[in-house]
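What follows is the residue order along each chain.
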Amino acid sequence: MKQIPLIDLKAQYETIRDEVRSAIDDVLENGRYILGPDVKALEEEIAAFCGVKYAVGVANGTDALLLALDAKGIGPGDEVITTPFTFFATAEVVSQLGATPVFVDIDPKTYNIDVSQIKAKINEKTKAIIPVHIFGQPANMDEVVAIANEHDLFVLEDAAQAIGSEYKGRKIGSWGHAATFSFFPTKNLGGYGDGGMVVTNDEELAKKIRILRVHGSNPKYYHSVVGYNSRLDELQAAILRVKLRYLNQWNEARRQKASLYDELLKDTPVVTPYCAENRSHIYHLYIIQATERDDLMKYLKEKGISTGVYYPVPLHQQDVYNYLGYEEGSLPNAEYMAKRTFALPLYAELEDETIHYIADAVKSFYQG
Ligand SMILES: *Cc1c(COP(=O)(O)O)cnc(C)c1O
């Protein structure tokens, strides 16, 4: 039986093999393995791609969030507002700095932070908001930025899942005071290892992050702050430069495949992704809502179709955040979606024929 993975990284590699190998060779021959010319060039290319002035490559998407918040001075006693329906890293970094994550429920259609509920959580300790463009769809940035401006808060877009998507015709990454990307292999722009980046128009902030990523030193061996060892690897940067040239094309292919799924699943009981107005969705994950979710996933597995739950436990219900005291039912949309949603296979190389096979399997599950 045919096995269909959730994502097929090797299929993508096969389309760019020669270019990637030659980029890797160039780095090896050049002999500059840490913060060399490819990191610098990728920073310039990503900044231009997002329409911002500065980009700083770091070790991974988690550190991108961490260093940005650290550079902004977030620390003990501070509160940072974010969504509970995201990967743990979004809140983890807040805790690592000794600050407290404050969770706001999600919009049940887009799965992004429900901006109408943000104001109620703002108090004198609130310092920042981290909207997450979850699954590749931009959060409602106009309203997030308006609320933040009114209360003088720092806006950090967690764009780990959304590089290349647009809000009101402008790239995400250029809406907040800063934004972060992850180049984890499964992300839409993924390396062959870890990597991350912060983008911003704030020169001062970019400068601080550059210092933080090299142990807080400037110049080398002169330390003004305690920093990190968090650099984007030169080899990964060289690989990512090749892949960046294909990003728009791959994102477009994902959109086409997502719309084929939408069409094929429209008369079934599952709820297909909703894309709000004025946004482009890059479908980092194709998320559907289903009744009898776990049985459906098991049924698909038997047909060779891999699926995944993103995310089974909303962050306010994670053991580590018990101390924050969120009761069951306190963020009902996130809790409901954690039980209802899951991802179907989606990647640029996925064949239309396979999408038909998967959609047929979903239909046959409900037809019994
Ligand atoms: C992947 C991801 C991160 C973390 O990125 P890493 O590169 O794995 O550290 C942070 N936030 C979100 C929403 C993510 O999807």
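In this text, all values refer to a predicted model and were calculated from it rather than measured experimentally.

S.K.: Just to check I follow, could you spell out the environment of Ile-113 for this structure?
M.R.: Structurally, Ile-113 is set in the loop between strand S3 (100–103) and strand S4 (126–130). As for Ile-113 and Gly-57, which are separated by 56 residues in sequence, their C-alpha atoms are 27 Å apart.

S.K.: Sorry, what's going on with the site of the ligand here?
M.R.: Taken together, 14 residues lie near the ligand, and Gly-61, Thr-62, Asp-158, Ser-182 and Lys-187 sit nearest. Side-chain polar atom of Asp-158 to a nitrogen atom of the ligand: 2.7 Å apart, as the coordinates give it. A distance of 2.6 Å is found between an oxygen atom of the ligand and a side-chain nitrogen or oxygen belonging to Ser-182. For the ligand, whose free accessible area comes to 380 Å², the fraction covered by protein is 93%. In a pocket analysis with a 2 Å cut-off to the grid points, the ligand is assigned to the largest pocket. When contributions to the shell around the ligand are tallied by element, the ones reaching two or more residues are helix H3 (61–71) and helix H4 (89–96). Of the residues belonging to the shell around the ligand, the class tally is 4 nonpolar, 8 polar and 2 charged.

S.K.: Just to check I follow, could you spell out the packing of helix H2 (residues 37–50) against helix H7 (residues 234–244) for this structure?
M.R.: Axis angle and axis distance: for two packed helices, these are the angle between their axes and the distance between the axes, and together they describe the pair. At a closest axis distance of 8 Å, the pairing of H2 and H7 adopts a crossing angle of 40°. Classified by the angle their axes make, H2 and H7 are oblique. Two packed elements cross with a definite hand, and for H2 against H7 that hand is left-handed. Across the interface between the two elements, Pro-37, Asp-38, Val-39, Ala-41, Leu-42, Glu-45, Ile-46 and Phe-49 from H2 touch Glu-234, Ala-237, Ala-238, Leu-240, Arg-241 and Leu-244 from H7. Of the residues that constitute the contact of H2 with H7, the class distribution is 10 nonpolar, no polar and 4 charged.

S.K.: How should the domain arrangement of the protein chain be read in this particular structure?
M.R.: How big an interface is tends to be reported as the loss of accessible area on association of its parts. For the protein chain, the assigned domains are domain 1 (9–244) and domain 2 (247–367). Both sides of the domain 1 and domain 2 interface together cover about 3700 Å² of buried area, and 61% of this is carbon and sulfur. Run the count over domain 1 and domain 2 and you get 0 salt bridges. Taken together, domain 1 and domain 2 are joined by 23 residue pairs in polar contact (both at pLDDT 80 or more). Classifying every residue of the side of domain 1 that touches domain 2 by side-chain character gives 24 nonpolar, 15 polar and 8 charged.

S.K.: When you look at the UniProt feature "modified residue: N6-(pyridoxal phosphate)lysine" (unreviewed entry) in the protein chain in this model, what are you seeing that I'm missing?
M.R.: Per the UniProt record, "modified residue: N6-(pyridoxal phosphate)lysine" (unreviewed entry) is annotated on Lys-187. Following the sequence through the fold, Lys-187 ends up in the loop between strand S8 (178–182) and strand S9 (196–200). Among residues more than four places away in sequence, those in contact with Lys-187 are Ala-160, Ser-182 and His-284.

S.K.: Help me understand the layout of surface pockets, please; the structure alone is not making it clear to me.
M.R.: Empty space among the atoms can be located by rolling a probe the size of a water molecule over them. If you add up the space inside the largest pocket, you get close to 500 Å³. What lines the largest pocket is a set of 29 residues, and nearest its centre among them are Phe-87, Gln-161, Phe-184, Thr-186 and Lys-187. Among the elements of the structure, H3 and H4 are those that each provide at least two residues to the lining of the largest pocket. The element that contributes the greatest number of residues to the lining of the largest pocket is H3, accounting for 3 residues. Tallied by class, residues from the lining of the largest pocket come to 15 nonpolar, 10 polar and 4 charged. Residue assignment places the lining of the largest pocket across two domains, with domain 1 (9–244) and domain 2 (247–367) each supplying three or more. What the second largest pocket holds in volume is close to 160 Å³. Every residue lining the second largest pocket is listed: Lys-72, Gly-73, Ile-74, Asp-78, Lys-127, Ala-148, Asn-149, Asp-152, Leu-153, Phe-154, His-177 and Asp-202. Class assignment for the residues of the lining of the second largest pocket results in 4 nonpolar, 3 polar and 5 charged.

S.K.: Honestly, the nonpolar core in this entry has me stumped. Any pointers?
M.R.: Most often, soluble globular proteins keep nonpolar side chains buried together rather than apart. Formed by 40 residues in total, the largest nonpolar core has its most connected members in Leu-42, Ile-46, Ile-118, Phe-181 and Phe-183. Elements with a contribution of two residues or more to this core: H2, helix H5 (141–151), S8, S9 and H7. When residues in this core are grouped by element, the largest group, 6 residues, is from H2. Apart from residues no more than four positions distant in its own chain, Ile-46 is found in contact with Ile-163, Phe-181, Phe-183, Leu-189, Met-197, Val-199 and Leu-244.

The rules we used
- Residues numbered from 1 in each chain as written.
- Predicted model: local features only at pLDDT ≥ 70, side-chain atom pairs only at ≥ 80, totals over all residues.
- Heavy atoms only, no water.
- Helix = DSSP H or I, 4+ residues; strand = E, 2+ residues; numbered from the N terminus.
- Near = heavy atom within 4 Å.
- Polar contact = N/O pair within 3.5 Å; in protein donor to acceptor, adjacent residues only side chain to side chain.
- Areas by Shrake-Rupley, 256 points an atom, 1.4 Å probe, with all protein chains shown as cover.
- 1 Å grid on protein atoms, 1.4 Å probe; cavity = no way out; pocket = protein on both sides within 12 Å on 5 of 7 lines; lining within 4 Å.
- Sits in = over half its atoms within 2 Å of the grid points.
- Nonpolar A, V, L, I, M, F, W, Y, C, P; charged D, E, K, R; others polar.
- Axes fitted to C-alpha atoms, helices over the stretch in contact; angles between N-to-C directions.
- Parallel < 35°, antiparallel > 145°, perpendicular 65-115°, else oblique.
- Left-handed = near helix turned anticlockwise from the far one by under 90°.
- Contact = heavy atoms within 4.5 Å.
- Domains from an automatic or database assignment.
- Buried area = accessible area lost by both parts, 1.4 Å probe.
- Salt bridge = Lys/Arg side-chain N within 4 Å of Asp/Glu carboxyl O.
- UniProt positions renumbered as here; feature names shortened; annotations may be inferred.
- Points joined across faces, edges and corners; volume = space filled by probe spheres on them.
- Core = buried A, V, L, I, M, F, W, Y, C linked by side-chain atoms within 4.5 Å.
- Buried < 20%, exposed > 50% of the residue type's maximum accessible area, 1.4 Å probe, protein only.

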